[in-house]
Amino acid sequence: MASPSSLLLPIGASGKSLCSTHQGVSCEKFRGLVPRCLSLEGVSRTRGCDNKTNLSLMKRRDMIGFVFGASTLLLNSYDANGAGMPQEEKPKLCDESCEKELENVPMMTTESGLQYKDIKVGTGPSPPIGFQVAANYVAMVPSGQIFDSSLEKGLPYLFRVGSGQVIKGLDEGILSMKVGGKRRLYIPGPLAFPKGLISAPGRPRVPPSSPVVFDVSLEYIPGLEIDED
């Protein structure tokens, strides 16, 4: 990622003047920034860009305003577009057809405020508290941008359910699932990330205690299925 200072430099900028010189017009440069052409009428004259034309000094406040505006525009653009990869480039647990079917699935709400929709109801056992489970997940901000996914790592995530090893909303949501099931969890802020998550290339920022959405699939429960065999 480019440093903040380099973001202020327009692409292709150089130390040479980019303005044509004409009578009554001056061209001024400022350390690689896009040159600004100023009328000389009514302005005090001073030494110019070349021997044929005179320059007027750019007001300091104009330059500060230009730099501040450019930096704000570029940094806002990075936050909006640079933090999250296009969704089609990332694997999902719920594709377009799944999304349409999900619109007709009733929303369930628990006492804690957790909400969920079952994409697919499993046929295996539910995990007892403290048991290790293997689950795949795709974690998103409400806008749909993905900030974490086990699918990208190529392996299910192993953790002891109900033991505080994951956020509260994920713990609660998986406890009532059955092996083979898929579910979308709408996790409210108090059950999500208290400290939030910082943004990174390919990952949007998650503000502290903000709502998140998890698509999860309960793959298997190590040990429990073996005992049942």
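Residues numbered from 1 in each chain as written. Predicted model: local features only at pLDDT ≥ 70, side-chain atom pairs only at ≥ 80, totals over all residues. Heavy atoms only, no water.

1. Quick notes on the overall build of the protein chain
Condition: Secondary structure follows DSSP: runs of H or I at least 4 residues long count as helices, runs of E at least 2 residues long count as strands, and numbering of each begins at the N terminus. Note on areas: these come from Shrake-Rupley sampling with a 1.4 Å probe, and a residue is covered only by the protein chains present in the view.
Helix and strand counts for the protein chain stand at six helices and nine strands. Only carbon and sulfur atoms are counted for the fraction: they give 55% of the accessible area of the protein chain, which is about 14300 Å².

2. Overview of the pairing of strand S6 (residues 146-149)
Worth spelling out the cut-off: Whether two strands pair depends on DSSP finding at least two bridges between them.
Pairing analysis gives three bridges linking strand S5 (residues 132-140) to S6, with the strands arranged antiparallel. By the bridge assignment for S6, alanine 139 is matched with aspartate 148. Connecting S5 to the antiparallel partner S6 that follows it, the hairpin turn spans five residues, and glycine 144 within it adopts a positive phi of roughly 105°.

3. A word on the nonpolar core
What counts here: In plain words, nonpolar cores are sets of buried Ala, Val, Leu, Ile, Met, Phe, Trp, Tyr and Cys residues tied together by side-chain atoms within 4.5 Å. Residue exposure (1.4 Å probe, protein chains only): buried if accessible area is under 20% of the type maximum, exposed if over 50%, otherwise partly exposed. Here a residue-residue contact requires only that any non-hydrogen atoms of the pair lie within 4.5 Å.
Within the largest apolar cluster, 28 residues are counted, with the highest numbers of intra-cluster contacts made by Ile174, Ile187 and Phe214. Going through the elements one at a time, S5, helix H5 (168-175), strand S8 (182-187) and strand S9 (212-220) are the ones with two or more residues in this core. Not counting residues up to four positions away in its chain, the partners in contact with isoleucine 174 are Pro127, Ala135, Phe159, Val161, Val216 and Leu218. Membership of the second largest hydrophobic core comes to five residues, among which are Leu93, Val138, Met140 and Ile146.

4. Structural notes on the pairing of strand S4 (residues 115-120)
Both strand S3 (residues 108-109) and S4 contribute to a ladder of two bridges, which runs antiparallel. If you follow threonine 109 over to S4, its bridge partner there is glutamine 115. Between S3 and the antiparallel strand that follows it, S4, lie five residues; glycine 113 among them carries a positive phi value of about 105°. Examined bridge by bridge, S4 and S8 share five bridges and lie antiparallel to one another. If you follow lysine 120 over to S8, its bridge partner there is lysine 182.

5. Examining the state of the cysteines
Heads up, the rule is: Cysteine sulfur atoms are paired as a disulfide whenever they fall within 2.5 Å.
In the structure shown here, the tally under the stated rule is one disulfide. The disulfide bridge from cysteine 94 ends at cysteine 98, spanning 1.9 Å between sulfur atoms. Between cysteine 94 and cysteine 98 the sulfur-sulfur dihedral comes to about -100°; the bridge is accordingly left-handed. Classification of cysteine 94 by relative accessible area gives buried; the value is 2%.

6. What about unusual backbone geometry?
In this model, serine 209 sits at a positive phi of 50°, which is unusual for a non-glycine residue. If you trace the backbone, serine 209 turns up in the loop between S8 and S9. Judged by relative accessible area, serine 209 falls into the partly exposed class, the value being 42%.

7. Side note on the packing of aromatic side chains
For any pair of aromatic rings, geometry is given as the distance between the ring centres together with the angle between the planes. Where we set the bar: To pair, rings of Phe, Tyr and Trp, with the six-membered ring standing in for Trp, must have centres within 6.5 Å; the planes then decide the type, stacked if under 30 degrees apart, edge-to-face if over 60, and tilted in the middle. Ring-over charges, as used throughout, are those where CZ of Arg or NZ of Lys falls within 6 Å of the ring centre and within 35 degrees of the ring normal.
Throughout the structure, instances matching the rule amount to five aromatic pairs. For the ring pair phenylalanine 147 and phenylalanine 193, a centre distance of 5.8 Å and an interplane angle of 80° mean the geometry is edge-to-face. Here the residue phenylalanine 147 occupies a position in strand S6, and phenylalanine 193 occupies one in the loop between S8 and S9, the gap between them amounting to 46 residues. Like phenylalanine 193, phenylalanine 147 is buried. Put simply, the rings of Tyr137, Phe147, Tyr157, Phe159, Phe193 and Phe214 pair up and form one aromatic cluster. Sitting over the face of the ring of tyrosine 116, arginine 183 holds its NZ or CZ atom 3.8 Å from the ring centroid.

8. So, the environment of lysine 90
Rules: Each polar contact in these results corresponds to two N or O atoms within 3.5 Å; when the atoms are within protein, one needs to be able to donate a hydrogen and the other to accept it, and residues that are neighboring in sequence are counted only if both atoms are side-chain atoms.
Along the chain, lysine 90 turns up in the loop between helix H2 (60-82) and helix H3 (96-102). On a C-alpha basis, the gap between lysine 90 and glutamine 145 in space is 9.9 Å, while along the polypeptide they are 55 residues apart. Of the polar contacts made by the side chain of lysine 90, one reaches the backbone oxygen of isoleucine 146; its length is 3.3 Å. Here the side chain of lysine 90 touches glycine 202 through a polar contact of 2.8 Å, landing on its backbone oxygen.

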